[in-house]
Amino acid sequence: MPIRPARFPADAESINAILAVAALPDAAYPLTEDALLYMARAEGSIGFIHTADGITDGFAITRPVGAATVVEIATPPDAASHTARHLLDAAIADSQIVKLWAVSHSVAAAAAA
């Protein structure tokens, strides 16, 4: 489970690449506008990156909302089954209350499994 903190702006290229790939199957952007606005203002740790065989195949942005942490997960469809769950586990380990958001049903189902 190669998970590491996602740093912004240092990881911007990797994050943008995974977001582009995750949006390809149905053209739905994988993050909410709130997450994009948060990322645009953020510096430092903004979530988690998952890699497999040295290639970034998932990203989870985490942001505080009240007492909870909202987690938005983006993965390409072929990586959703394993990557989403690993990213959610990392977010849960980092916060007591987590609210999951995923644009893809397969990503949400994989994370919740």
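Criteria and thresholds
Residues numbered from 1 in each chain as written. Predicted model: local features only at pLDDT ≥ 70, side-chain atom pairs only at ≥ 80, totals over all residues. Heavy atoms only, no water. Helix = DSSP H or I, 4+ residues; strand = E, 2+ residues; numbered from the N terminus. Buried < 20%, exposed > 50% of the residue type's maximum accessible area, 1.4 Å probe, protein only. Areas by Shrake-Rupley, 256 points an atom, 1.4 Å probe, with all protein chains shown as cover. Core = buried A, V, L, I, M, F, W, Y, C linked by side-chain atoms within 4.5 Å. Contact = heavy atoms within 4.5 Å. Salt bridge = Lys/Arg side-chain N within 4 Å of Asp/Glu carboxyl O. Pairing = 2+ DSSP bridges. Axes fitted to C-alpha atoms, helices over the stretch in contact; angles between N-to-C directions.

(A) Structural view of the overall build of the chain. The number of helices and strands found in the chain is four helices and five strands. Buried positions account for 44% of the 113 residues belonging to the chain. With an accessible surface of roughly 5900 Å², the chain has 57% of that area assigned to carbon and sulfur atoms.

(B) Region of the structure containing the nonpolar core. Ile-15, Leu-19, Leu-31, Met-39, Ile-46 and Phe-59 are the most contacted members of the largest nonpolar core, which has 16 residues in total. Secondary structure elements with two or more residues in this core: β1 (3-8), α1 (12-23), α2 (33-41), β2 (44-52) and β3 (55-65). Broken down by element, the residue count for this core peaks at five residues, all from α1. Dropping the residues within four chain positions of it, Ile-46 is found in contact with Ala-6, Phe-8, Ile-15, Tyr-38, Met-39, Phe-59, Ala-60, Ile-61 and Thr-62. One finds Ala-60, Ala-84, Leu-87 and Ala-91 within the second-largest nonpolar core, a separate group that totals nine residues.

(C) Local environment of the pattern of salt bridges. The final tally for this structure, using the stated rule, is three salt bridges. Put simply, Arg-4 and Asp-11 hold a salt bridge, and the shortest N to O gap is 3.0 Å. A residue is classified by how much of its surface remains accessible, and Asp-11, at 10% relative accessible area, is buried. Here Arg-63 and Glu-72 are joined by a salt bridge, their closest N and O atoms 2.9 Å apart. Of the two residues, Arg-63 and Glu-72, neither departs from the other in class, the shared state being buried.

(D) Broad picture of unusual backbone geometry. The residue after Phe-8, namely Pro-9, is reached through a cis peptide bond having omega 10°. Here Asp-53, not a glycine, exhibits a phi torsion of approximately 55°, which is positive. Mapped onto the elements, Asp-53 comes out in the loop between β2 and β3. Overall, the relative accessible area of 83% leaves Asp-53 in the exposed class.

(E) Up close: the sheet that holds β3. Across the sheet, five strands lie side by side as β1-β2-β3-β4-β5; this open sheet has mixed pairing. Two strands in the sheet have a free side with no partner beyond their single neighbour: β1 and β5 (98-101). When strand polarity is set aside, the average angle formed by the axes of neighbouring strands in this sheet is 30°. Bridging between β1 and β2 involves six bridges; their strand directions are antiparallel. Residue pairing across strands places Pro-5 opposite Phe-48, the latter belonging to β2. Taken strand by strand, α2 contacts β1, β2, β3 and β4 (68-74), and its axis lies near 90° from that of β3. In the packing of helix α3 (residues 80-94) onto the sheet, contacts are made with β1, β2, β3, β4 and β5, and the angle to β2 comes to roughly 145°.

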